[in-house]
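# Examination of the molecular architecture
Residue strings, one per chain:
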Amino acid sequence: MLKRISKGEAAFHIFNYIFLGFCVLITLFPFATIIAKSFSSTEAIESGKVFLLPVDFNLSAYKN
């Protein structure tokens with residue numbers, strides 16, 4: 001048996017999904033930047049070129 005939901009409940013569910021999705025993005029953003037920096041060269045990191053994608057890809061951080 002299906003339960004019908006009101007327009008208010010539907011709006012609340014939509015708001016919740018949007019809000020929680022936004023919270024997930026804010027939470028994962030720092031991890032994405034750390035991973036991008038771990039695969040980038042030191043010069044690119046120090047010059048501020050690295051944002052979400054690695055620049056001058058290398059694995060020297062993992063060799064150490």
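Below you will find a few notes about this structure. (Residues numbered from 1 in each chain as written. Predicted model: local features only at pLDDT ≥ 70, side-chain atom pairs only at ≥ 80, totals over all residues. Heavy atoms only, no water.)

## What to know about unusual backbone geometry
Phi angles above zero are rare outside glycine, and D56 is one such case at about 55°. Within the element layout of this structure, D56 appears in the loop between helix 2 (42-46) and helix 3 (60-63). (Helix = DSSP H or I, 4+ residues; strand = E, 2+ residues; numbered from the N terminus.)

## Let's talk about the environment of L52
Counting through the fold element by element, L52 comes out in the loop between helix 2 and helix 3. Through-space distance from the C-alpha of L52 to that of A36 is 5.8 Å; in sequence the pair is 16 residues apart. Those residues in contact with L52 that lie beyond four places of it in its chain are F29, A32, T33 and A36. (Contact = heavy atoms within 4.5 Å.)

## As for a nonpolar patch on the surface
A contiguous nonpolar patch, built from F29, F51, L52 and L53 and spanning about 420 Å² of accessible area, is present on the exposed surface. Here F29 shows up in helix 1 (residues 7-38). (Patch = residues over 30% accessible without salt bridge, like charges linked within 9 Å, V, L, I, M, F, W, Y side chains within 5 Å. Areas by Shrake-Rupley, 256 points an atom, 1.4 Å probe, with all protein chains shown as cover. Salt bridge = Lys/Arg side-chain N within 4 Å of Asp/Glu carboxyl O.)

## Let's talk about helix 1
The end-to-end C-alpha distance of helix 1, which contains 32 residues, comes to 47 Å, matching closely the 46 Å that a straight helix rising 1.5 Å per residue would cover. If you look at helix 1, its biggest bend is around 30°, right at L28, and the proline P30 turns up within four residues after that. Burial in helix 1 covers these residues: T33, A36 and S38. Structurally, helix 1 contributes buried residues whose contacts are with helix 3. (Expected span 1.5 Å × (residues − 1). Bend = angle between axes of the 7 residues up to and from the residue. Buried < 20%, exposed > 50% of the residue type's maximum accessible area, 1.4 Å probe, protein only.)

## Notes on the side chain of S40
Tracing the chain through its elements places S40 in the loop between helix 1 and helix 2. Residue classification places S40 among the buried residues on the basis of a relative accessible area of 5%. In terms of polar contacts, S40 uses its side chain to reach the backbone carbonyl oxygen of A36, at 2.7 Å. S40 has contacts with I45, V50, P54, V55, D56 and N58, leaving out every residue within four places of it along the chain. (Polar contact = N/O pair within 3.5 Å; in protein donor to acceptor, adjacent residues only side chain to side chain.)

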